[in-house]
Amino acid sequence: MARDADDTRRRLLAAAAAEFAQRGIAGARVDRIASAAGANKALIYAYFGNKDQLFDAVFDALVVSTVAEVPIDADDLPGYAGRLFDRNQTHPQALRLLLWHSLERGGMAALPPAVAASNADKAAAIAAAQRAGQLPGRYSADELLLLVVGLSLLGSAELAPVDGPEALARRRHTVTDAVARLVAHDGDRRPAGDDHPTGRGEAAGSQESAGGTGADR
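Every chain's residues receive numbers from 1 upward, in the order its sequence appears when written. Reporting of local features is limited, given that this is a predicted model, to residues whose pLDDT is at least 70; pairs of side-chain atoms are given and counted only at 80 or more, and all residues count toward the totals for whole chains, interfaces and linings. Think of the side-chain values as coming from all heavy atoms in the structure, minus any hydrogens and water.

## Thoughts on the overall build of the protein
Here a helix means four or more residues in a row that DSSP labels H or I, a strand means two or more in a row labelled E, and each is numbered from the N terminus. Scanning the protein for helices and strands turns up 10 helices and zero strands. Put simply, the protein runs from its N terminus to its C terminus through helices and strands in the order α-α-α-α-α-α-α-α-α-α. The rule is simple: take the accessible area with a 1.4 Å probe, protein chains only, and divide by the maximum for that residue type; under 20% is buried, over 50% is exposed, in between is partly exposed. Looking at the 217 residues of the protein, the share that counts as buried comes to 40%. Total accessible area computed for the protein in this model is approximately 11,100 Å², and 56% of it derives from carbon and sulfur atoms. For the area figures, the Shrake-Rupley method with a 1.4 Å probe applies, and any residue is considered shielded solely by the protein chains shown.

## Points about the nonpolar core
Residue types Ala, Val, Leu, Ile, Met, Phe, Trp, Tyr and Cys, when buried and joined through side-chain atoms within 4.5 Å, form a set referred to as a nonpolar core. If you look at the biggest cluster of nonpolar residues, it comprises 25 residues, and the most contacted ones within it are Leu12, Phe20, Ile33, Ile44, Leu54, Phe59 and Leu97. Elements that contribute at least two residues to this core include exactly helix 1 (2-27), helix 2 (30-37), helix 3 (41-48), helix 4 (51-69) and helix 6 (92-105). Top element by residues in this core is helix 1. It accounts for seven residues. Residue contacts for Ile44: discarding those within four places in its chain leaves Leu12, Val30, Ile33, Ala34, Gly49 and Leu54. With 20 residues, the next largest nonpolar core counts Leu135, Leu145, Val175 and Val179 among its residues. Contacts are assigned to residue pairs with any non-hydrogen atoms lying within 4.5 Å of each other.

## Some details on the packing of aromatic side chains
Each pair of aromatic rings taken from Phe, Tyr and Trp, with Trp reduced to its six-membered ring, is defined by centres within 6.5 Å and is described as stacked if the planes are under 30 degrees apart, edge-to-face if over 60, and tilted in the remaining cases. For the coordinates displayed, the defined rule picks out three aromatic pairs. When the ring of Phe20 is compared with that of Phe55, the centres are 5.1 Å apart and the planes differ by 90 degrees; the resulting orientation is edge-to-face. Of this pair, Phe20 sits in helix 1 while Phe55 sits in helix 4, and the two are 35 residues apart along the sequence. The same class applies to Phe20 and to Phe55, which are both buried. When the ring of Tyr47 is compared with that of Phe48, the centres are 6.4 Å apart and the planes differ by 90 degrees; the resulting orientation is edge-to-face.

Below you can see the structure in the form of structure tokens.
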């Protein structure tokens, strides 16, 4: 019985993610979610509460899965941005949900606790790397995290569509290169016309990937 309940919850969350991503919180309908999940509508209220609480559950699950699949590496923020870029290709719902949250919930000030905790953990990792001298301190940890995540969103078809795998690979290179320049220490920064990424890890190899598939997993 518990296994059936867990399976029903998963189906409801998947159906709700699709519905919210397409229509937002206000436009989503629990009837459609229940029908898509093959479940009784009453179970949505039993398991999650109201529609807003269901959206929060979807958003929390998105954050947990993203952190699990793409953990932050403060020692290699260009590589981290590249991996976020890759995830944006395979999980296009994520950005749509984030945009709907920002539009309907008021942006960063109203982030669910799981999201706020995840951002705090990432900023703490960046701050520790700054204190250790591994990252420059020209930006605060919160600002640097926002810049890195924002650059990774260049991979989203919703924000900046690309035509074909070569263009996508070039876009990925742009993301990792930009972050590498962003986190370079002042004495290490290269001229703006230099196309080679700086930093270590994925950024150092993204010039080669620009002519390939852009995947490095």
